[in-house]
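# Structural characterization, general
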Amino acid sequence: SLSCAVRIVDLYHERTEMSQWITVLGATGSIGSSTLDVVRRHPARYRVYALTGFSRVAELVSAAIEFSPRFIVVPTQSAAETARQLLTQAQQDCQVLVGEEALARVASDDDVDMVMASIVGAAGLVPTLAAANSGKRVLLANKEALVMAGPLFMQAIRDNGAELLPIDSEHNAIFQSMPADYSGDFAQHGIEKILLTASGGPFRNKSKSDLADVTPAQAVAHPNWSMGAKISVDSATLMNKGLELIEACFLFNCHADQVQVVVHPQSVIHSMVQYNDGSVIAELGQPDMRTPIAYGMAWPERIDAGVKHLDLFDIARLDFVQPDHETFPCLNLAKAAFERGGIFPAVLNAVNEIAVEAFLGEQISFLAIPDLIENVMQACPEQQMTCLDDVLAADRWAREQATTYLPQYLLDR
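Residues numbered from 1 in each chain as written. Predicted model: local features only at pLDDT ≥ 70, side-chain atom pairs only at ≥ 80, totals over all residues. Heavy atoms only, no water.

### Quick word on unusual backbone geometry
Backbone phi values are negative for most residues with the exception of glycine, while trans is the configuration of most peptide bonds. Here the amide bond leading from Trp 299 into Pro 300 is cis, since omega sits at 10°, within 30 degrees of zero. Mapping Pro 300 onto the fold places it in the loop between helix 12 (290-298) and helix 13 (312-315). (Helix = DSSP H or I, 4+ residues; strand = E, 2+ residues; numbered from the N terminus.)

### A short note on helix 4 (residues 77-89)
In this model helix 4 runs 18 Å from its N-terminal to its C-terminal C-alpha over 13 residues, within 8% of the 18 Å that 1.5 Å per residue would give. Those residues of helix 4 not exposed but buried are Ala 79, Ala 80, Ala 83 and Leu 87. For helix 4, the arc enclosing every buried residue in end-on projection is 100°, short of the 170-degree limit, so these residues lie on one face. Projecting away from the buried face of helix 4 at angles above 90 degrees are the exposed residues Gln 77, Ser 78, Thr 88 and Gln 89. Among the structural elements, helix 3 (57-67), strand 3 (71-74) and strand 4 (95-98) are those in contact with the buried residues of helix 4. (Expected span 1.5 Å × (residues − 1). Buried < 20%, exposed > 50% of the residue type's maximum accessible area, 1.4 Å probe, protein only. Arc of directions from axis to C-beta. Contact = heavy atoms within 4.5 Å.)

### A short note on the pairing of strand 4
Side-chain positions along a regular strand alternate between the two faces of the sheet. When strand 3 meets strand 4, the two strands line up parallel, connected through 4 bridges. Bridging from a neighbouring strand, Ile 72 pairs with Val 96 of strand 4. This β-α-β element, strand 3 to helix 4 to strand 4, shows right-handed connectivity. (Pairing = 2+ DSSP bridges. Right-handed = clockwise from strand over helix to strand, strands pointing away.)

### With respect to the nonpolar core
Counting residues in hydrophobic clusters, the biggest one holds 98 residues, and the most contacted among them are Phe 153, Met 178, Val 347, Leu 348, Ile 364, Phe 366 and Ile 373. Counting residues per element, this core draws most heavily on helix 15 (residues 344-360), which supplies 11 residues. Listed in part, the 38 residues of the second largest apolar core include Leu 60, Val 61, Ala 64 and Ile 293. (Core = buried A, V, L, I, M, F, W, Y, C linked by side-chain atoms within 4.5 Å.)

### Observations concerning the packing of helix 2 (residues 30-41) against helix 12
For the pair helix 2 and helix 12, interaxial distance at closest approach is 9 Å and the crossing angle is 60°. Considered as vectors, helix 2 and helix 12 are oriented oblique to each other. Here the hand of the crossing between helix 2 and helix 12 comes out right-handed. Contacts between helix 2 and helix 12 involve Ile 31, Ser 34, Thr 35, Asp 37, Val 38, Val 39 and Arg 41 on the former and, on the latter, Arg 290, Ile 293, Ala 294 and Met 297. Looking at the contact of helix 2 with helix 12 residue by residue, the classes come out as 6 nonpolar, 2 polar and 3 charged. (Axes fitted to C-alpha atoms, helices over the stretch in contact; angles between N-to-C directions. Parallel < 35°, antiparallel > 145°, perpendicular 65-115°, else oblique. Left-handed = near helix turned anticlockwise from the far one by under 90°. Nonpolar A, V, L, I, M, F, W, Y, C, P; charged D, E, K, R; others polar.)

### Some remarks on the pattern of salt bridges
Applying the stated rule across the entire model yields 21 salt bridges. The shortest N-O distance in the salt bridge between Arg 45 and Glu 301 comes to 2.9 Å. Here Arg 45 is found in the loop between helix 2 and strand 2 (46-52), whereas its partner Glu 301 is found in the loop between helix 12 and helix 13, with 256 residues between them in sequence. Residue Glu 301 is classed as partly exposed on the basis of its relative accessible area, which comes to 26%. Arg 105 serves as the salt-bridge partner of Asp 109, at 3.8 Å between the closest nitrogen and oxygen. Where salt bridges share partners, they join Asp 37, Arg 40, Arg 41, Glu 66, Asp 288 and Arg 290 into one cluster. (Salt bridge = Lys/Arg side-chain N within 4 Å of Asp/Glu carboxyl O.)

### What to know about the packing of aromatic side chains
Summed over all chains, the structure comprises 8 aromatic pairs. Both rings, one in Tyr 182 and one in Phe 186, keep their centres 6.3 Å apart while their planes meet at 65°; by these two values the pair is edge-to-face. You'll find Tyr 182 and Phe 186 in the same group, each marked buried. Joined through ring pairs, the aromatic side chains of Trp 21, Tyr 49 and Phe 71 make up one cluster. One residue, Arg 70, lies across the ring of Trp 21, its end atom 4.5 Å from the ring centre. (Phe/Tyr/Trp six-rings, centres within 6.5 Å; stacked < 30°, edge-to-face > 60°. Lys NZ or Arg CZ within 6 Å of the ring centre and 35° of its normal.)

Right, dumping it as structure tokens:
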């Protein structure tokens with residue numbers, strides 16, 4: 001038995017010493033860029049299989065020149081022609097693929113070991129689900145995959161022997177604060193609740209009347225994190241925390257009432273788990289996404305992420321307050337969507353995407369975002385979700401409804 005144990009250890013070290021192939025979905029976004037920085041720090045450990053991007057073709061090609069993936073994926077033939085020209089000029093041998101089917105392909109190819117799922121919004125659902133169905137290690141930074149299709153996605157992970165590592169800083173912190181053998185049963189492990197922290201965004205001290213005339217530029221100016229425009233607006237409305245509440249319920253198999261949102265302006269404690277013996281276990285760190293990314297990539301090991309160490313003396317204080325549900329109703333809308341189940345979370349997500357896009361385009365006000373979501377949610381029929389087609393149909397219906405309601409919220413020009 002000793003020789004067998006030694007061989008298991010040898011196999012483990014062989015696996016960790018071999019290069020692992022990673023596909024980065026959404027490589028030009030903030031999560032994708034941070035992922036590539038971790039890869040850059042560990043060139044013998046990780047190799048890039050594929051990079052995907054949407055509108056920043058030049059940035060995508062620049063990353064391809066540095067990391068030499070086998071494939072890059074872009075959304076249109078026009079973008080593909082641009083990418084091929086840039087790659088030819090750089091004498092870089094890399095195949096350019098186009099469209100949603102290509103995204104699914106590079107997420108599920110046999111040679112791929114892990115997939116960073118960081119495409120923002122509903123567009124990331126299909127390739128992320130493809131990675132799960134192919135038994136990959138899924139590094140989940142696209143919360144919409146769980147919000148829209150939580151039961152289907154979790155079933156795909158279980159049925160195909162995939163590994164699911166949460167990359168959102170909050171869920172990664174919860175994962176680290178849970179027992180190593182957590183089975184999905186709070187009672188069995190003595191867990192009472194998850195304490196899901198929120199920075200509160202740029203408007204946390206504002207009243208509802210203060211928010212009537214805020215601009216997109218103000219909404220995307222997050223005090224702690226560097227993020228894309230859409231997720232920054234979600235943080236400002238607290239919808240991001242509502243989506244994370246739904247995600248936590250699916251990830252850790254719990255009820256919405258077992259997740260308590262705690263506004264923590266410093267963003268030092270990334271989330272906590274409260275136990276029945278009075279203990280609260282928390283994960284602390286800099287507000288830098290490279291920490292959870294590196295943890296997910298190397299788990300169960302820890303590797304250098306290039307993140308500055310936390311100086312508690314420099315921080316000096318940590319504050320915690322209750323969220324203001326009246327000023328930020330998106331939290332309650334998300335909780336209600338999860339509790340109603342079926343297609344409601346997918347509808348919530350779709351309408352939010354339409355509303356945020358309209359706000360960023362200066363078509364509607366900041367306060368119109370939750371109003372538009374609530375109106376469509378009230379019109380949504382009760383319907384169970386049994387397959388991916390149900391999810392995609394609900395997403396289409398919600399976007400059509402949101403577009404129908406939108407004119408009544410348009411700002412006067």
